[in-house]
Amino acid sequence: MTSKKDKAAEVSAALKEFICHELCKKQINTNKTFDELGIDSMALLRIILFLENKFNVNITDNLLTIDNLKDIQSLSNLVASLIK
Amino acid sequence: MNIKPLEASDFFIKILDYDQKISGLAGNIAQLIIKVDDIPKQEKVFKLIKQWINNEPALKIILKRKIFKDYWCILNKTLTPHISWHSDNSLEKILNLRLKDLSSLYNCPLLALDFIENKKELTILLTWHHILADAKGGELIFSRLRGNNIRNTYNHSNNQQFSFINNLKKLRHFRNVVIKRMSEGNIVSPVNRVNYKHLSLNSSYIQLSEKLSKNIKTYVKHINPIFGETALFIAISLKEIRKIIDSNVGNFLIPLPINLRNPTSIFPLLGNPLTFIFLLVERKYIEELSLLKLTKVISQKLIDDVKSDTITATNSALKIGKFIPVKLYRYILRSAMDGQLGSMFFANTGPSYIGDTPGKATHFLNHKVTACFHRPMVSVPPGIGFFYSTYDYKIHITICWIKEVIPKHYIDNISSNLIKRLENLI
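Reading the values: the criteria
Residues numbered from 1 in each chain as written. Chains lettered and ligands numbered in written order. Predicted model: local features only at pLDDT ≥ 70, side-chain atom pairs only at ≥ 80, totals over all residues. Heavy atoms only, no water. Axes fitted to C-alpha atoms, helices over the stretch in contact; angles between N-to-C directions. Helix = DSSP H or I, 4+ residues; strand = E, 2+ residues; numbered from the N terminus. Parallel < 35°, antiparallel > 145°, perpendicular 65-115°, else oblique. Left-handed = near helix turned anticlockwise from the far one by under 90°. Contact = heavy atoms within 4.5 Å. Nonpolar A, V, L, I, M, F, W, Y, C, P; charged D, E, K, R; others polar. Pairing = 2+ DSSP bridges. Polar contact = N/O pair within 3.5 Å; in protein donor to acceptor, adjacent residues only side chain to side chain. Core = buried A, V, L, I, M, F, W, Y, C linked by side-chain atoms within 4.5 Å. Buried < 20%, exposed > 50% of the residue type's maximum accessible area, 1.4 Å probe, protein only. Salt bridge = Lys/Arg side-chain N within 4 Å of Asp/Glu carboxyl O.

1. Points about the packing of helix 2 (residues 41-55) of chain A against helix 10 (residues 291-307) of chain B
The angle between the axes and the distance between the axes are what describe a pair of packed helices.
Part 1 of the reasoning: It is the contact of helix 2 of chain A with helix 10 of chain B, at a shortest axis distance of 11 Å, that shows an interaxial angle of 50 degrees. By the angle between their axes, helix 2 of chain A is oblique relative to helix 10 of chain B. Read as a crossing pair, helix 2 of chain A and helix 10 of chain B show a hand that is right-handed. Residues A:Met42, A:Leu45, A:Leu49 and A:Glu52 of helix 2 of chain A form the contact with helix 10 of chain B, whose participating residues are B:Ile303, B:Val306 and B:Lys307.

Set out below in structure tokens:
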């Protein structure tokens with residue numbers, strides 16, 4: 001059985017790859033916030049759509065909060081908590 | 001020489017450009033206004049420019065005209081752009097002069113630089129054609145001019161496969177998004193059709209304090225952490241412009257430029273075509289809802305549009321322009337964006353990237369850059385545009401309007417109301 005921590009790590013790795021390859025086209029520092037990475041609103045929404053498709057989860061509007069959308073870690077934790 | 005035909009999304013820009021020109025406007029020209037708090041020596045400035053010219057990829061791109069088509073070309077060497085130094089000249093005069101000059105440039109760089117010296121301040125004006133770059137691209141050009149070593153690479157390869165059938169299928173969504181929205185509005189022109197001739201633009205500039213800007217940005221993140229800021233700016237602009245638009249006009253359609261850009265691409269337009277969300281807002285919402293509620297409604301509409309694939313559909317539909325007759329395409333776009341509904345030009349580009357880090361303050365030849373304003377193109381009636389950006393943690397707002405169509409006292413009112421609304425928000 002996969003632990004929540006493992007799931008978060010899996011989401012985080014997929015998210016990092018998506019940002020590096022699809023958005024920034026370069027290696028990124030995963031400790032930076034989305035703002036610091038230059039991720040604008042459209043890019044952020046593309047990230048959410050990517051995660052919804054990839055992990056078959058539904059990130060509802062009430063989950064789109066500042067704390068959940070701060071950085072890769074916080075968003076990965078959210079998605080991991082939604083994976084069944 | 002590598003000659004490529006204009007790509008589909010660029011074709012859309014071309015149509016808008018043509019539309020503006022036949023209305024007496026300059027076309028899709030973008031301008032960036034940089035204020036420096038002291039005047040560097042001219043020799044130093046020109047030395048810097050000389051270094052920049054050799055390495056600036058934007059100076060390799062020119063427009064060429066053939067009988068029926070315009071082409072952009074990438075040359076294998078850089079060309080010198082138009083550069084002028086002015087003393088005691090009015091900024092508005094130079095802005096308008098440059099708009100008209102640049103709109104008819106062929107075989108030259110689509111970029112001009114003006115330095116306007118006034119008392120103890122230098123204003124640097126960058127004017128460029130939208131075919132070359134969007135607003136963010138203009139910021140990066142200036143960043144390189146001041147000596148920042150941003151990667152001089154760009155990507156204009158056409159990675160997306162063109163499928164006419166797929167695009168046609170998506171056009172059905174486009175009909176829903178734009179054509180249907182057109183029919184939902186009253187077919188009333190917001191301003192009397194004027195025989196536009198040699199129109200000129202005026203601008204008004206607002207720079208909010210760092211404290212107020214910070215408070216606003218924190219506040220809107222609680223409304224919606226993704227689109228809160230943009231939605232607030234749209235809402236506030238709509239609340240102001242509806243006063244000058246005919247009361248018969250029931251709905252407002254705002255073509256909201258967005259860019260699904262690769263953040264590292266220095267040519268957002270050539271490499272990452274610009275697209276639009278056609279945002280429809282009912283007049284009754286604008287009038288009856290509080291600013292906060294209207295902001296929430298707009299945020300939700302933006303999220304719904306993105307999630308329902310509307311943007312992809314719109315983008316694909318815009319690409320149809322490559323396959324249908326120019327006149328028909330122009331008619332569709334013009335009907336969707338011009339006069340059928342209330343509208344305005346709107347853009348929010350967020351933190352300006354003219355230094356080493358987006359949004360942070362920077363210097364030009366060791367003198368502090370105190371402000372960075374974008375000047376919006378005005379592509380839709382009634383002839384008013386709002387451009388929001390942030391520099392040095394301060395929100396910058398430029399309101400641009402057609403001088404001959406909208407009286408200045410309207411704009412003075414709009415400016416002061418807009419500031420009051422933002423101040424009263426917190």
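2. Some details on the packing of helix 7 (residues 228-241) of chain B against helix 10 of chain B
Residues and elements named next belong to chain B.
Part 1 of the reasoning: Following both chains from N to C, one finds helix 7 and helix 10 inclined at 125 degrees, their axes separated by 8 Å at the closest point. Viewed along their axes, helix 7 and helix 10 adopt a mutual orientation that is oblique. Crossing hand, helix 7 versus helix 10: right-handed. Between helix 7, through Gly 228, Thr 230, Ala 231, Leu 232, Ile 234, Ala 235, Ile 236, Leu 238 and Lys 239, and helix 10, the contact on the second element is made entirely by Leu 291, Leu 294, Thr 295, Ile 298, Ser 299 and Leu 302.
Part 2 of the reasoning: Here the residues of the contact of helix 7 with helix 10 sort into 10 nonpolar, four polar and one charged.

3. Thoughts on the sheet that holds strand 8 (residues 201-207) of chain B
Residues and elements named next belong to chain B.
Part 1 of the reasoning: Spatially, 8-15-14-11 is the arrangement adopted by the four strands of the open sheet, whose pairing is mixed. The sheet is open, and its two edges are formed by strand 8 and strand 11 (345-351), each paired on a single side. With direction set aside, neighbouring strand axes in the sheet form an average angle of 15 degrees.
Part 2 of the reasoning: Bridge count for strand 11 against strand 14 (residues 384-391) is five bridges, and the pairing is parallel. Note that in strand 14 the partner of Pro 351 across the bridge is Thr 390.
Part 3 of the reasoning: Those strands touched by helix 7 are strand 11, strand 14 and strand 15 (394-402), and its axis lies near 150 degrees from that of strand 11.

4. Structural notes on the side chain of B:Glu240
Residues and elements named next belong to chain B.
Part 1 of the reasoning: Within the fold, Glu 240 resides in helix 7.
Part 2 of the reasoning: A distance of 3.1 Å separates a polar atom in the side chain of Glu 240 from a polar atom in the side chain of Lys 243.
Part 3 of the reasoning: Reaching out from Glu 240, the side chain makes a polar contact with the side chain of Arg 421 at a distance of 2.8 Å.
Part 4 of the reasoning: Setting aside its immediate chain neighbours within four residues, Glu 240 contacts Ile 414, Asn 417, Leu 418 and Arg 421.

5. Points about the sheet that holds strand 12 (residues 363-364) of chain B
Residue and element names in this part refer to chain B.
Part 1 of the reasoning: The strand order 5-6-7-2-13-12 describes an open sheet built from six strands, whose pairing is mixed. Since the sheet does not close on itself, it has two edges, and those belong to strand 5 (82-87) and strand 12, each with one partner.
Part 2 of the reasoning: Direction of pairing for strand 6 (residues 111-118) relative to strand 7 (residues 121-129): antiparallel, over a ladder of eight bridges. Along strand 7, the bridge assignment pairs Ile 116 with Thr 123.
Part 3 of the reasoning: Relative to the sheet, helix 2 (residues 42-55) contacts strand 5, strand 6 and strand 12, its axis offset from that of strand 5 by approximately 165 degrees.
Part 4 of the reasoning: Across the sheet, helix 3 (residues 91-102) touches strand 2 (29-36), strand 5, strand 6, strand 7 and strand 13 (367-375), and the angle it forms with strand 2 is around 150 degrees.

6. Brief notes about the nonpolar core
Part 1 of the reasoning: If you look at the biggest cluster of nonpolar residues, it comprises 77 residues, and the most contacted ones within it are A:Ile47 and B:Ile384.
Part 2 of the reasoning: With near-sequence residues (within four places) excluded, A:Ile47 lies in contact with A:Leu15, A:Phe18, A:Ile19, A:Leu23, A:Phe34, A:Ile39 and A:Leu75.
Part 3 of the reasoning: Residues B:Val36, B:Trp72, B:Phe115 and B:Val369 belong to the second largest nonpolar core, which totals 35 residues.

7. Digging into the pattern of salt bridges
Part 1 of the reasoning: Tallying each qualifying case throughout the model produces 15 salt bridges over all chains.
Part 2 of the reasoning: Between B:Lys394 and B:Asp392 there is a salt bridge; the shortest N-O distance is 3.6 Å.

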